[in-house]
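Each chain, written out:
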Amino acid sequence: MAHNPVGTGFTVVTGGSSTASDAFSVQSDVIRIVATLKDCHVAIGTNPTATITNYFLASGMPETLSITPKSQPVVGINTGTSTTLHFPEGTGCAFNVGDTVTVTGLTPSTLNFSHKPVERILVGASSQPGFFSTRAVITHDSSASTVGGASTATFNGCMVRNSLKVAAITDGGVGSINCHQVQTSGGA
């Protein structure tokens, strides 16, 4: 099986209690994980806590686990104590309430944010008169960004992606996992 690395890899150092990675934007449908030093158990989610009942990784034996990428371009934003992202008309919304998302590519950069939960999804003109696109309300206070240039924001290349974390735990002692999103091709 051939792997094509996507994005930047990361390491999680863990021991007898769960340790989670920083959030990462999902850019592929596969994450390759290898435990070093000790056998580990891993959990993947918005804010996971690994336990010894989670997926087992034998030390030195890389595994590829499935994750679900979700992304959409952003064409508008409403700032405030919650942030509303506008998607192109007719595209719907790839995200669900409870997903965590990361926004990149907005100018000014103060409007970008990382790993914030989706509160609710607004659809069609009936939700708010005058809007004909789907919008996602994010638990992110962007009210200070209003002064920082939200009225002059540019959206060329602006994307919202779901974001996840990987948590790991060993049965005892210090270990680590190395993680990298990859594209795969070829046989088993």
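Given the structure is predicted, the values throughout are model-derived calculations rather than measurements.

Draft legend 1. Here's a closer look at the sheet that holds strand β4 (residues 30-36). Strand order across the open sheet formed by 4 strands is β1-β15-β4-β7, with antiparallel pairing between neighbours. For this open sheet the edge positions go to β1 (2-14) and β7 (63-66), each flanked by a neighbour on one side alone. When strand polarity is set aside, the average angle formed by the axes of neighbouring strands in this sheet is 30 degrees. As judged from the 10 bridges shared by β1 and strand β15 (residues 175-185), these two strands associate in the antiparallel manner.

Draft legend 2. Representation of the pattern of salt bridges. Within this structure, the stated rule accounts for 1 salt bridge. With a shortest N-O distance of 2.8 Å, lysine 70 and aspartate 99 are connected by a salt bridge. A residue pair is termed long-range when its members are at least 10 positions apart, and lysine 70 in the loop between β7 and β8 (71-73) and aspartate 99 in the loop between β10 (83-86) and β11 (100-104) qualify at 29 residues. Its relative accessible area of 17% is what places lysine 70 among the buried residues.

Draft legend 3. Geometry of the packing of aromatic side chains. Here the structure, examined in full by the defined rule, presents 2 aromatic pairs. Ring geometry for phenylalanine 10 and phenylalanine 24: centres 5.3 Å apart, planes at 35 degrees, overall tilted. Here phenylalanine 10 is found in strand β1, whereas its partner phenylalanine 24 is found in strand β3 (residues 24-25), with 14 residues between them in sequence. Judged by its relative accessible area of 9%, phenylalanine 24 falls in the buried class. Taken together, a centroid distance of 6.3 Å and an interplanar angle of 40 degrees make the contact between phenylalanine 87 and phenylalanine 95 tilted.

The rules we used
Residues numbered from 1 in each chain as written. Predicted model: local features only at pLDDT ≥ 70, side-chain atom pairs only at ≥ 80, totals over all residues. Heavy atoms only, no water. Pairing = 2+ DSSP bridges. Helix = DSSP H or I, 4+ residues; strand = E, 2+ residues; numbered from the N terminus. Axes fitted to C-alpha atoms, helices over the stretch in contact; angles between N-to-C directions. Salt bridge = Lys/Arg side-chain N within 4 Å of Asp/Glu carboxyl O. Buried < 20%, exposed > 50% of the residue type's maximum accessible area, 1.4 Å probe, protein only. Phe/Tyr/Trp six-rings, centres within 6.5 Å; stacked < 30°, edge-to-face > 60°.

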